[in-house]
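# Overview (structure and organization)
Chain residues, written in single-letter form:
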Amino acid sequence: MDPHTEQVLEWPVLIDCLANEAASTMGAACCRGLAFTSDLQTARILQQETKEMVDILEGTHPLPFLAFPDIRNVLARAEKGGILDGSDLRDIALVVGLSHTIKHFLEIHGPSFPIIRARFLILQDLMWIKQIIDSCIDLNGHLRDSASPELYQLTRKSQELRQTMRRQLEGILASQEYEDLLQGQYFAERENRCVIPIKAERQHVIDGIVHDISGSGATVFIEPRHLIELNNSIKFADLQLAQEERHILQDLSSRVAEQVWAIRENLSFLANLDCLMAKARLSIKTNGSPIHLNQEHCIDLEQARHPLLALTKGQTKGQVIPNSIRLEGETSVLIISGPNAGGKTVSLKLVGLFAMMVKVGLLPPCGPDSKMPLFGQIYADIGDSQNLSKDVSSFSGHILNMIALLQNIGLSGKPANRDALVLLDEVGSSTDPIEGAALAEALLTRLCQLGCTIIATTHYPTLKTLAFRNPHVRNASHEFDMGTLAPTYRLIDGIPGGSSALEIAERLGLDSTIIQSAQLLIQKQEYDLDAIFRILQSTHTELKRECEQAAYLRQEAQHLFDEAEVTRNQLQSQKREDRQRYRKQWQQEFSKAQRQLNQIINDLKTDKTLSKARSIQQTIGLVNQEMISRLPDNFLESSEPPHEGDLVEIDPLGTIGILQECLEGKKLVSIRVGTQTIKTAPSAVRRATVSSSKENLSGPQQFSWKRPLSTISTRTSHPTSNQATGQYQHELVIRGLRLDDAIEMTLAALDHAMVAQAKYLKVIHGRGSGALKTGIRTFCQSSPYVQSFRPGDPAEGGDGVTVVELR
């Protein structure tokens, strides 16, 4: 990556923010040493890896904080055979323990994070080293007394000798013999030997060895002769103790040396894992999302925010205005215009930083559906390139940068290089506006011909209109609020924007007379063009606001529609429940009526006089009226048009009948009333209701039409039954019905046939799967109406028919 590009895009600043998120010095070093990848698949894996770590950190089982020490020098010393001290061994145990924890985590939760698991599950499990070190070294880096039996014994012996020495010294300090000799009531150590402070002028009184003298010369530190042997014993015990400690440390160091390679590998993995966790933490802070990397050189950034602004504003709880940036299809040049300090350079740097972030696995702060190519080369010329020490002006600096850019990308005649992203801030500035604009347009045209993807900012009117002359160029502009005379920092796609220099100068407090003079000096054509740009921006903003309002209203309408749909489903469900309740109620009433009819039939069999028949007919009418009166008034009401087989009412006649054909497209329709057929206009026909049924149904017909008969057809085509021809006066068609409905209709038909004193009932159920046939014949076996039943003859319909002989 070009160092100049990194500097002007503030990449080092972002990397410093990333390094600050690391928990270890090695992790921070990995962050600062991230390498850019140019492989598309690798970049996608790096992004997915960071997303998995974000999920881990935000999940219920996060990884431990990776604050581990840098032990590379310690491992190098162990590798050379050096003896490590306790603190070094403690640090090694910490690294080994963290490695074990990470490996254990990935073994349990790894399937949910496949990329991280594949990369870091190869950590070496060296827990046995940690256990050995922990058994000998405490958390402060000191050897434990229990490190070895010899060390324990020597420690106890040394402590006992020192206790004996202490008692001897305390006895000397308390003795009257030494009262005039002592300089103070204390004892000390010199050269690891216990001594007492004696006045210099009385030192000849004490028989012993002089070890030291005070700075003033007033005190001489003497080891009394009778304590020499005890001091020697303490010295010898300390030497033995140090020798044992050295032996233990040497043994531990040799064990570490045997596994230096594995520990070093684990250390490297932990540093990389800490770097990955830093990426995830930074992504969480900036609310970053993976970008869909493509090979079509399509830039489509949704709700993008500058990462450094997202970090700083997040700390101050400020708001960063998100913007969408698009550059796709045949378009390879995006020219951003708009007011000064309106956000043009921020948008330019945003695209550059995003292009660099995806090359190292950082998640840019943008919408989850954003797209971007993986650029192999990124060039940026932003800011002032003036260098007085090298005698380079601002314009010269920009031109030198462009020359270097063209040399790196390639001259014309070479293949197109759409792998390069070029970012130019105020291209062609710092010189005569007319010449600078012409030079800028020529440069953009050349870069476009070379196949680069270019984003440039400008205030030049000729560049703002370049999109109308070149199909590969697209406009965008930062909005300027004419009401507040301030930039809104919102990027408007597809239209150029005015610079609004005079308005901003006025808002900043420049003298109004100067502003008015400047307005008079501006050529009318240029001023009108700037006004047109402002009108376009205003119109676009208003249209966008209206679109958002329309989208909101559409969403509300959809919400209301969904609520209505739920209500409709609830009503339909309630309707089905009501029908089931009414059907159960009717079945109960029908069972009661059936029992009454059975009694009537038995009475009729014993007394067949005319008076008895009339009495029975009257009783049946009363039973039917009582049964219909018990039905709810709305049981048969429906807004649907009647269908063939439905019970209908003929309005002019007030008569109830059965519709024989569909109403649609007919001038006259047939309705069977009793044994007769009536022709009438469809407009005179409506579905029958319970109230009309109560008024018009009478006699034996009244029993059988308890609900709309959209699936049932009955006919009376012959006055008598003829078994030879297979034609019967009473026939029931139940093809296609559910078994429960079919049995209910069969009950009604049997009732009707018994009242009519018919001998046979022909039930047409069809063959089908045989379930309906089996159910009807099983029902006939237990029916009190049925004397016998049989399958139909071939002339009657074969096995698709059941002929019932009534009692």
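Here we come to the pattern of salt bridges. Within the structure shown, the criterion is met by 31 salt bridges. As a salt-bridge pair, Arg 738 and Asp 740 come within 3.7 Å of each other at their nearest N and O atoms. For Arg 738, a relative accessible area of 48% corresponds to the partly exposed category. Between Lys 759 and Glu 805 there is a salt bridge whose closest N-O contact spans 3.4 Å. Here Lys 759 is found in the loop between α22 (739–755) and β22 (760–764), whereas its partner Glu 805 is found in strand β24 (residues 801–806), with 46 residues between them in sequence. Overall, Lys 759 belongs to the partly exposed group, its relative accessible area being 43%. According to the relative accessible area criterion, Glu 805 is partly exposed, its value standing at 22%. One connected set of salt bridges, linked through shared partners, spans Arg 162, Glu 189 and Asp 238.

Along helix α2 (residues 11–20), the residues classified as buried are Trp 11, Leu 14, Ile 15, Leu 18 and Ala 19. On an axial view of α2, the arc spanned by its buried residues comes to 140 degrees, and they lie on one face.

Within the secondary structure layout, Thr 488 lies in strand β14 (residues 486–493). A relative accessible area of 14% places Thr 488 in the buried class. C-alpha of Thr 488 to C-alpha of Ile 321: the two residues are 167 residues apart in sequence and 8.4 Å apart in space.

In this section: helix α15 (residues 433–449). When the terminal C-alpha atoms of α15 are compared, their 24 Å separation across 17 residues agrees well with the 24 Å that a helix rising 1.5 Å per residue should span. Where α15 is concerned, the buried positions are Gly 436, Ala 437, Ala 440, Leu 443, Leu 444, Leu 447 and Cys 448. The arc that holds every buried residue of α15, seen down its axis, measures 135 degrees, which confines them to one face. Opposite the packed face of α15, turned more than 90 degrees from it, sit the exposed residues Ile 434, Glu 435 and Gln 449. Residues of α15 that are buried make contact with β8 (333–337), α14 (394–409), β11 (420–424), β12 (453–457) and α16 (461–464). Where α15 terminates, the next one or two residues include Gly 451, which has phi positive at roughly 90 degrees.

On average, the chain scores 80 in pLDDT, and the residues at 70 or more come to 81%. The low-confidence segment residues 411–416 (pLDDT under 50) makes seven contacts with residues lying over four places distant or belonging to another chain. This stretch, residues 690–721, has a pLDDT under 50; its non-local contacts, to residues over four places away or in other chains, come to 96 contacts.

We now examine the sheet that holds strand β1 (residues 188–190). Strand order in this open sheet of four strands is β1-β2-β4-β3, and the pairing throughout is antiparallel. Every other strand in the sheet has two partners, leaving β1 and β3 (208–213) as the edge strands with one partner each. Within this sheet the neighbouring strands show an average axis-to-axis angle of 50 degrees, counted without direction. For strand β2 (residues 193–199) and strand β4 (residues 219–224), the ladder comprises four bridges, and the chain directions are antiparallel. Counterpart to Ile 196 in the pairing with β4 is Ile 222. The strands touched by helix α9 (residues 149–174) are β1, β2 and β4; relative to β2, the strand with the most contacts, the crossing angle is about 10 degrees. Where helix α10 (residues 228–258) meets the sheet, its contacts fall on β2, β3 and β4, and the angle it forms with β2 comes to roughly 145 degrees.

Before going further, it helps to spend a moment on the nonpolar core. Core analysis: the largest hydrophobic core is formed by 52 residues, its most contacted members being Met 53, Phe 68, Ile 92, Val 256 and Ile 263. Secondary-structure elements contributing two or more residues to this core are α4 (40–57), α5 (72–79), α6 (86–109), α7 (114–120), α8 (127–136), α9, α10 and α11 (260–286). Sorting elements by how many residues they give to this core places α11 first, with 11 residues. Aside from chain neighbours lying at most four places away, what touches Met 53 is Leu 63, Ile 116, Leu 273, Leu 276, Met 277 and Ala 280. Core analysis: the second largest hydrophobic core is formed by 49 residues, Ala 22, Cys 275, Ala 304 and Ala 380 among them.

In the case of a regular strand, side chains alternate between the two sheet surfaces. Burial of β8 is extensive: five of the five residues sit out of reach of the surface. Every second residue of β8 is oriented toward a common face, with Val 333, Ile 335 and Ser 337 on one face and Leu 334 and Ile 336 on the other, all of them buried. Two elements, β8 and β12, share four bridges in a ladder whose sense is parallel. Looking at the pairing, Leu 334 lines up with Ile 455 of β12.

Within the secondary structure, Ser 148 sits in the loop between α8 and α9. Judged by its relative accessible area of 11%, Ser 148 falls in the buried class. Of the polar contacts made by the side chain of Ser 148, one reaches the side chain of Glu 244; its length is 2.9 Å. With residues near it in sequence (within four places) discarded, Ser 148 still touches Glu 244 and Ile 248.

Here we take up the packing of α6 against α11. Running from N to C, α6 and α11 point in directions that differ by 65 degrees, and their axes come no closer than 10 Å. Relative to α11, the element α6 is oriented roughly perpendicular. As α6 packs across α11, the resulting crossing turns out to be left-handed. Mapping the contact onto sequence places Ile 92, Val 95, Val 96, Leu 98, Ser 99 and Ile 102 in α6 and Ile 263, Asn 266, Leu 267, Leu 270 and Leu 273 in α11.

What follows deals with the environment of Ala 147. Within the secondary structure layout, Ala 147 lies in the loop between α8 and α9. The spatial distance from the C-alpha of Ala 147 to the C-alpha of Asp 134 is 9.4 Å, given a sequence separation of 13 residues. The residues contacting Ala 147, other than those within four sequence positions of it, are Ser 135, Cys 136 and Ile 248.

Procedures and definitions
- Residues numbered from 1 in each chain as written.
- Predicted model: local features only at pLDDT ≥ 70, side-chain atom pairs only at ≥ 80, totals over all residues.
- Heavy atoms only, no water.
- Salt bridge = Lys/Arg side-chain N within 4 Å of Asp/Glu carboxyl O.
- Buried < 20%, exposed > 50% of the residue type's maximum accessible area, 1.4 Å probe, protein only.
- Helix = DSSP H or I, 4+ residues; strand = E, 2+ residues; numbered from the N terminus.
- Arc of directions from axis to C-beta.
- Expected span 1.5 Å × (residues − 1).
- Contact = heavy atoms within 4.5 Å.
- pLDDT = per-residue confidence, 0-100.
- Pairing = 2+ DSSP bridges.
- Axes fitted to C-alpha atoms, helices over the stretch in contact; angles between N-to-C directions.
- Core = buried A, V, L, I, M, F, W, Y, C linked by side-chain atoms within 4.5 Å.
- Polar contact = N/O pair within 3.5 Å; in protein donor to acceptor, adjacent residues only side chain to side chain.
- Parallel < 35°, antiparallel > 145°, perpendicular 65-115°, else oblique.
- Left-handed = near helix turned anticlockwise from the far one by under 90°.

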